[in-house]
Amino acid sequence: MSTATAMRTLLAEVASRIAAAPRLEGDVRDDAVREAQLLVAGVLDVAPGVVLQAAARDDTVTPLVVDAVRRATARRAEGEPLAYCVGHAAFRHLVLQVDARVLVPRPETEVVVDEVLRCTADAPGGVAVDIGTGSGAIALALATEGRFDRVIATDVSRDALDVARANARRVSPATPLDFRAGADLAPLAELRASGTRVRVLVSNPPYIAWSEAAALPSSVRDWEPSVALFADDDGMARYRVLLAGAPALLEVGGWVVLEVDARRGGITADLARQHGYDPVRLVRDYAGRDRVLVARWPGPRERAISGSIGQ
Ligand code: SAM
Ligand code: GLN
């Protein structure tokens, strides 16, 4: 017959497996006690503080929990990202289910959502589009926190769209949300045909150059989908397509908000200016790096006038 295990014993067991796992990055192994708390909290779907309190009270956990924690620990010890091992990740106020079909939503992408909400704060309504939605993180945050009439989420990966749709069913936002499969702006052809204009086009596209793959942490390079990470043309391919194509879809005064690689913020901003967006600005993330490009589409007329004055 199986018996209960003390939470404290379980945490110590997980921490010692993490500390001794050669495939894990050094900083994770060095902070194995913290990683163990996060892992057990993730499996139980509670805040890490709850786990610490349980350990302090000398609480026990059931054999079912011990099994689930051991399975997650074994995966983590192989180097798999924590979010995949526990099956979910936090993004803004949401908890999203994630697995190897999608990028784990990052804290810095929360800044992208802030910028979309900021540049559309003057009035409610309009259509917001999230290109390359992955887990649905940006689209679901906009559908729950924004005041849009509609949010459209696209992805070239049908596997990713399955994850995003499942997250949408759980979050169940009040704003209508459509999912569409396809590359870049292709899923929006019907909008163009019907004359519907987009108020804000947002994307966290793949932007890592193939030549940079070797320098990535193995938890990213070896586990997250390549289609979510890498782009041709030194990481610029998706920016070129999105910045060139968005004006045909945007309202006059509409916005493009793109997560950018900190190393390529400047050239992405220059590219946006060359296409006639005005103003164009770069916003920094919590770590102080250029992270978000915010560009307004002034419309062809305003562009022609400011162009003739400026040259
Ligand atoms: N938006 C999610 C987030 O911020 O966590 C996922 C971002 S991930 C960096 C990029 C996403 O874009 C992936 O889900 C990938 O499948 C998708 N993708 C890659 N190339 C694409 C393309 N050409 N058109 C549309 N989506 C694409
Ligand atoms: N921010 C991710 C990373 O460097 C990359 C995601 C992307 O290419 N958009 O880990």
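Conventions and cut-offs
Numbering of residues begins from 1 in every chain and follows the order in which that chain's sequence is written. Each chain is given a letter, starting from A, and each ligand a number, starting from 1, according to the order in which they appear as written. Given that the model is predicted, a residue must reach a pLDDT of at least 70 before its local features are reported, and side-chain atom pairs must reach 80 or more before they are shown or counted; all residues, however, enter totals for whole chains, interfaces and linings. Side-chain measures here rest on the full set of heavy atoms in the structure, leaving out hydrogens and waters. Strands are runs of DSSP state E lasting at least 2 residues, helices are runs of H or I lasting at least 4, and numbering of each runs from the N terminus. Each residue gets one of three labels from its accessible area relative to the maximum for its type: buried under 20%, exposed over 50%, partly exposed in between, using a 1.4 Å probe on protein chains only. The contact criterion used throughout is that any non-hydrogen atoms of two residues lie within 4.5 Å. In this description, accessible areas are obtained by the Shrake-Rupley approach with a 1.4 Å probe, and a residue is regarded as covered only by the protein chains that are shown. Charged residues are defined narrowly, with Lys and Arg counted positive, Asp and Glu counted negative, and His plus the chain ends left uncounted. Lys charges are placed at NZ, Arg charges at CZ, Asp charges at CG and Glu charges at CD. The distinction between a cavity and a pocket rests on a 1 Å grid over the protein atoms alone: a 1.4 Å probe fits inside a cavity but cannot get out, while a pocket stays open yet meets protein on both sides within 12 Å along at least five of seven lines, and a residue with an atom within 4 Å of a point counts as lining. Grid points are joined across faces, edges and corners, and a volume is the space filled by probe spheres set on the points. Ten residues, namely Ala, Val, Leu, Ile, Met, Phe, Trp, Tyr, Cys and Pro, are considered nonpolar, four, namely Asp, Glu, Lys and Arg, are considered charged, and the remaining ones, Gly among them, are considered polar. Ring pairs are drawn from Phe, Tyr and Trp, using the six-membered ring of Trp, whenever the two centres fall within 6.5 Å, and their geometry is named by plane angle: stacked under 30 degrees, edge-to-face over 60, tilted for the rest. Two distance rules govern patches: like charges are joined within 9 Å, and nonpolar side chains (Val, Leu, Ile, Met, Phe, Trp, Tyr) within 5 Å, applied only to residues with over 30% relative accessible area and no salt bridge. Counted as salt bridges are all cases of a side-chain nitrogen of Lys or Arg within 4 Å of a carboxyl oxygen of Asp or Glu. A 3.5 Å cut-off defines polar contacts: any pair of N or O atoms within that distance qualifies, except that in protein one atom must be a possible hydrogen donor and the other a possible acceptor, and neighbouring residues in sequence count only when both atoms are side-chain atoms. Pairing between two strands requires that DSSP report at least two bridges joining them. Every angle, taken between N-to-C directions, lies between 0 and 180 degrees, and every axis is a line fitted to C-alpha atoms, over only the stretch in contact when it is a helix. The cutoff for a nearby residue is simple: one of its non-hydrogen atoms must lie within 4 Å of the molecule or strand.

Participant: Please explain the overall build of the protein chain as it appears in this structure.
Facilitator: Helix and strand counts for the protein chain come out as 15 helices and 11 strands. The principal-axis extent of the C-alpha atoms belonging to the protein chain is close to 80 × 40 × 30 Å. Within the span of the protein chain, comprising 311 residues, buried residues form 51% of the whole. Contacts in the protein chain between residues at least 24 apart in sequence constitute 67% of all its contacts with a sequence separation of at least 6. Approximately 14,300 Å² of the protein chain is accessible, and the part contributed by carbon and sulfur atoms is 52%. For the protein chain, the distance from the average position of its 37 positive side-chain charges to the average position of its 41 negative side-chain charges is 3 Å.

Participant: Mind showing me how you'd approach empty space enclosed by the protein here?
Facilitator: Under the defined criterion, the tally for this structure stands at 1 cavity of 30 Å³ or more. Looking at the largest cavity, its volume works out to about 30 Å³. Leu10, Glu13, Val14, Arg17, Val69, Arg70 and Thr73 are the residues that line the largest cavity. Breaking the lining of the largest cavity down by element, the ones donating at least two residues are helix H1 (7-19) and helix H5 (63-77). Sorting elements by how many residues they give to the lining of the largest cavity places H1 first, with 4 residues. Residue classes in the lining of the largest cavity are distributed as 3 nonpolar, 1 polar and 3 charged.

Participant: Could you clarify how one ought to interpret the packing of aromatic side chains in this entry?
Facilitator: Centre-to-centre distance and the angle between the planes together describe a pair of aromatic rings. A full pass over the atoms with the stated rule returns 3 aromatic pairs. Between tyrosine 277 and tryptophan 297, the aromatic rings sit 5.5 Å apart at their centres with planes inclined by 65°, giving edge-to-face as the arrangement. Linking tyrosine 277 in the loop between helix H14 (265-274) and strand E10 (280-284) with tryptophan 297 in strand E11 (residues 290-297), this pair joins segments that are 20 residues apart in sequence. The exposure classification of tyrosine 277 matches that of tryptophan 297, with both residues buried.

Participant: How should I be thinking about a nonpolar patch on the surface in this particular structure?
Facilitator: Taken together, Leu44, Val46 and Val50 make up a surface patch of nonpolar side chains, about 190 Å² in accessible area. For valine 50, the position within the fold is in helix H4 (residues 48-56).

Participant: Sorry, what's going on with the side chain of aspartate 130 here?
Facilitator: By the secondary structure assignment, aspartate 130 is in strand E5 (residues 127-131). Among the polar contacts listed, one links the side chain of aspartate 130 to the backbone nitrogen of alanine 139, at a separation of 3.2 Å. Discounting chain neighbours no more than four positions away, the residues touching aspartate 130 are Ile138, Ala139, Ile152, Ala153, Thr154, Val202 and Ser203.

Participant: Quick question: what am I supposed to make of the sheet that holds E11 here?
Facilitator: Two orientations exist for strands paired in a sheet by backbone hydrogen bonds: parallel and antiparallel. Spatially, E7-E6-E5-E8-E9-E11-E10 is the arrangement adopted by the 7 strands of the open sheet, whose pairing is mixed. Lying at the two open borders of the sheet, with one neighbouring strand each, are strand E7 (177-181) and E10. Adjacent strand axes in the sheet meet at a mean angle of 20° when their direction is disregarded. Bridge count for E5 against strand E6 (residues 150-155) is 5 bridges, and the pairing is parallel. Its bridge partner being in E6, valine 129 is matched across the sheet by isoleucine 152. Running at roughly 170° to E7, helix H9 (residues 158-171) makes contact with E6 and E7 of the sheet. Seen against the sheet, helix H13 (residues 237-245) touches E5, strand E8 (198-203), strand E9 (250-259) and E11 and runs at an angle of roughly 170° to E9.

Participant: Where do I start with the side chain of glutamate 115 in this structure?
Facilitator: With respect to the element layout, glutamate 115 can be found in helix H7 (residues 109-119). There is a polar contact of 3.0 Å between the side chain of glutamate 115 and the side chain of arginine 281. Leave out the neighbours within four places in its chain, and glutamate 115 touches Val257, Arg281, Val283, Val292 and Val294.

Participant: Would you explain the environment of proline 105 in this entry?
Facilitator: With respect to the element layout, proline 105 can be found in the loop between strand E4 (94-97) and H7. Taking the C-alpha atoms as reference points, proline 105 and arginine 70, separated by 35 residues in sequence, lie 24 Å from one another. When residues no more than four places from it in sequence are discounted, the contact partners of proline 105 are Ala89, Phe91, Leu96, Val98, Ser135 and Ala137.

Participant: I'm lost on the site of ligand 2 in this one. Help?
Facilitator: Inspection of the region around ligand 2 gives Arg106, Glu108, Asn204, Pro205, Pro206, Tyr207, Ile208, Ala228 and Leu229 as its neighbouring residues. In the model, an oxygen atom of ligand 2 is placed 3.1 Å from a nitrogen or oxygen of the tyrosine 207 main chain. Leucine 229 is positioned such that a nitrogen or oxygen atom in its backbone is 3.3 Å from an oxygen atom of ligand 2. In isolation ligand 2 exposes 300 Å². Once the protein is present, 87% of that is buried. In terms of residue class, the shell around ligand 2 is made up of 6 nonpolar, 1 polar and 2 charged.

Participant: Explain the pattern of salt bridges here, please?
Facilitator: Once the charged atoms of two side chains with opposite charge are near each other, the side chains can pair. Scanning the model with the defined rule gives 29 salt bridges in all. For the salt bridge of arginine 70 with glutamate 13, the shortest nitrogen-to-oxygen distance reads 2.8 Å. In this pair, arginine 70 sits in helix H5 while glutamate 13 sits in helix H1, placing the two residues 57 residues apart along the sequence. When its relative accessible area of 26% is taken as the criterion, glutamate 13 is described as partly exposed.

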